[in-house]
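Now for the letters of each chain:
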Amino acid sequence: MRFAPLLLLPGGLALLAGLDAALTLAGLPAPAGSARLASIHGSLMVLGFLGTVIALERAVALRRPWGLLAPGLLGAGALALVVLPDPLLGRLLLTQGMLVLVLVYAVLWRRNEDPTVAVQALGAVLATGAALLLTRVPVADVLALLVGFVVLTIAAERVELARLAMPPGAGGRLVALTVPLSLAALATLLWPTAAGRITAVLLLALTLWLLRHDVARRTINATGLPRFAAAALLAGYAWLMVAGLLLLATGRPQGVVYDVVVHSVFLGYAMSMVLAHAPVILPAVLRVRLPYTPWMWAPLALLHATLLVRVVAALLSGVASAPDGTVATWTGAAGGNVAALLLFVLTAVATALAAARRPVRPARRPVRPPARTLSRTVEGP
């Protein structure tokens, strides 16, 4: 497990390639500017980047060398997608990586039969199906599966991390909400519009339940890291509500609505959750110190501000009386989304390097009173 952090490098490459593809799709100058990368933008961001990060975190929790096969295969798949002209090998490697991740979850579940692990495993099953189907169908056809993977994984981790703040039986309630959501997502492969609306109803129900019980509603009044994480979490839930409402209205989103739904989920929700958990998760996975710094607010605020502008501009572009410059506004906001994610990466790297230069201060040991005084305290006068 010593070299496990190196497996994050292909995931980082997938993120950079995905951001390059995002610039290309927005019609902005990009370092590579590859139409081929633009065609696999979704796979790079969701399976290549997020999949690798999630699999590496779970492999570290498993503490068995074979568990590293999951992030290894996912990273190799992302690398193959970037380098090779034919995406088939990369997609097959991504499928195999997700299959191994399902096995990792199965072993983790056998340790204590935690319902949150079962829900994460269910999300990995959806991602496996999406990765395999992407060898034959476009990403729009498996959107519900990819949304299910991200939503189930993050929702289960929120319940796992905030277990003490959750009501009794929260794990069982989570299962009751996510199993029908997964079935509805699978049903979109056959009945995209009807099943899409059912998926939206269940997605909204899950979001409202999480929002009601998440400790972020209280820690938003704190300071430092708890407040930063709470702000990122609550903003993420808000964007998931936006996606659910639009999906409910359309069933099968297309055109500008598709753009809004996709980026509300994968930027507004998923990436905001990544920013919220990064100061806690990354040190455990990468074995580096990443202390909170107020500079982390800058990429978070930029991400949500530019996403809001992007969503409003996209929705206005479908109106006949849309103001001039709407398309240019959308394009600039899309570039702002990319800048926000790059800014967070730079902030995290700079913070980690600065923390590495500072010596770790040993925790102060409490001063113990003399034994005679302690004895009198315990026994009384």
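Reading the values: the criteria
- Residues numbered from 1 in each chain as written.
- Predicted model: local features only at pLDDT ≥ 70, side-chain atom pairs only at ≥ 80, totals over all residues.
- Heavy atoms only, no water.
- Patch = residues over 30% accessible without salt bridge, like charges linked within 9 Å, V, L, I, M, F, W, Y side chains within 5 Å.
- Areas by Shrake-Rupley, 256 points an atom, 1.4 Å probe, with all protein chains shown as cover.
- Salt bridge = Lys/Arg side-chain N within 4 Å of Asp/Glu carboxyl O.
- Helix = DSSP H or I, 4+ residues; strand = E, 2+ residues; numbered from the N terminus.
- Buried < 20%, exposed > 50% of the residue type's maximum accessible area, 1.4 Å probe, protein only.
- Core = buried A, V, L, I, M, F, W, Y, C linked by side-chain atoms within 4.5 Å.
- Axes fitted to C-alpha atoms, helices over the stretch in contact; angles between N-to-C directions.
- Parallel < 35°, antiparallel > 145°, perpendicular 65-115°, else oblique.
- Left-handed = near helix turned anticlockwise from the far one by under 90°.
- Contact = heavy atoms within 4.5 Å.
- Nonpolar A, V, L, I, M, F, W, Y, C, P; charged D, E, K, R; others polar.
- Phe/Tyr/Trp six-rings, centres within 6.5 Å; stacked < 30°, edge-to-face > 60°.
- Expected span 1.5 Å × (residues − 1).

### Examining a nonpolar patch on the surface
Where nonpolar side chains cluster on the molecular surface, the patch consists of Leu133, Val179, Leu183, Leu186, Leu189, Leu190 and Trp191 and spans about 680 Å² of accessible area. Topologically, leucine 190 is positioned in the loop between α8 (170–187) and α9 (192–213).

### Some details on the pattern of salt bridges
This structure, assessed with the given rule, holds four salt bridges. Between glutamate 57 and arginine 58 there is a salt bridge; the shortest N-O distance is 2.8 Å. Judged by its relative accessible area of 14%, glutamate 57 falls in the buried class. A salt bridge links aspartate 214 to arginine 158; the nearest nitrogen and oxygen atoms lie 2.9 Å apart. Residue aspartate 214 is located in the loop between α9 and α10 (216–219), and its partner arginine 158 is located in helix α7 (residues 143–161); the two are separated by 56 residues in the primary sequence. In this structure aspartate 214 comes out as buried when scored by relative accessible area, which is 1%.

### Considerations on the nonpolar core
Among the nonpolar cores identified, the biggest contains 112 residues, and Val150, Leu206, Phe266 and Met271 are the most heavily contacted of them. Looking at this core element by element, the count peaks at 14 residues for helix α12 (residues 255–286). Counting six residues, the second-largest nonpolar core is a separate cluster that includes Ala4, Leu8, Leu56 and Leu68.

### What to know about the environment of tryptophan 109
Examined against the element boundaries, tryptophan 109 turns out to sit in helix α5 (residues 88–112). Overall, the relative accessible area of 35% leaves tryptophan 109 in the partly exposed class. Each C-alpha atom of the pair tryptophan 109 and alanine 121 lies 8.8 Å from the other, and the pair is 12 residues apart in sequence.

### Focus on the packing of helix α1 (residues 8–25) against helix α3 (residues 41–62)
Their axes nearest at 8 Å, the elements α1 and α3 cross at an angle of 155°. Judged by the angle between their axes, α1 and α3 are roughly antiparallel. Judged by the twist between their axes, the crossing of α1 over α3 is left-handed. Between α1 and α3, the residues in contact are Leu8, Gly11, Ala14, Leu15, Ala17, Gly18, Leu19, Ala21, Ala22 and Leu25 and His41, Leu44, Met45, Gly48, Phe49, Thr52, Val53 and Leu56, respectively. Of the residues that constitute the contact of α1 with α3, the class distribution is 13 nonpolar, five polar and no charged.

### Digging into the packing of aromatic side chains
For any two aromatic rings, the description comes down to two numbers: the centre-to-centre distance and the angle of the planes. Counted according to the given criterion, the structure contains two aromatic pairs. Summarising the aromatic geometry, the rings of phenylalanine 228 and tyrosine 292 are spaced 6.0 Å apart at their centres and angled 45° between planes, so their arrangement reads as tilted. On the criterion of sequence distance, the pair formed by phenylalanine 228 in helix α11 (residues 224–250) and tyrosine 292 in the loop between α12 and α13 (297–317) is long-range, its members being 64 residues apart. The buried category is assigned to phenylalanine 228, whose relative accessible area is 0%.

### Things to note about unusual backbone geometry
Even without being glycine, arginine 63 reaches a positive phi, approximately 60°. Checked against the element boundaries, arginine 63 lands in the loop between α3 and α4 (69–83). Taking relative accessible area as the criterion, arginine 63 reaches 61% and is therefore assigned exposed. One non-glycine residue, glutamate 113, lies in positive phi territory at about 50°. Examined against the element boundaries, glutamate 113 turns out to sit in the loop between α5 and α6 (115–133). Judged by its relative accessible area of 52%, glutamate 113 is exposed.

### A short note on α9
Across its 22 residues, α9 extends 31 Å between first and last C-alpha, which sits within 8% of the 32 Å expected from 1.5 Å per residue. Taken together, the buried positions of α9 are occupied by Ala195, Gly196, Thr199, Ala200, Leu202, Leu203, Leu204, Leu206, Thr207, Trp209, Leu210 and His213. Each element contacted by the buried residues of α9 is listed here: α7, α8 and α11.

### Examining the environment of tyrosine 258
Within the element layout of this structure, tyrosine 258 appears in helix α12. Relative accessible area serves as the criterion here: at 22%, tyrosine 258 is assigned to the partly exposed category. Between the alpha carbons of tyrosine 258 and leucine 246 there is a distance of 8.9 Å; along the sequence they are 12 residues apart.

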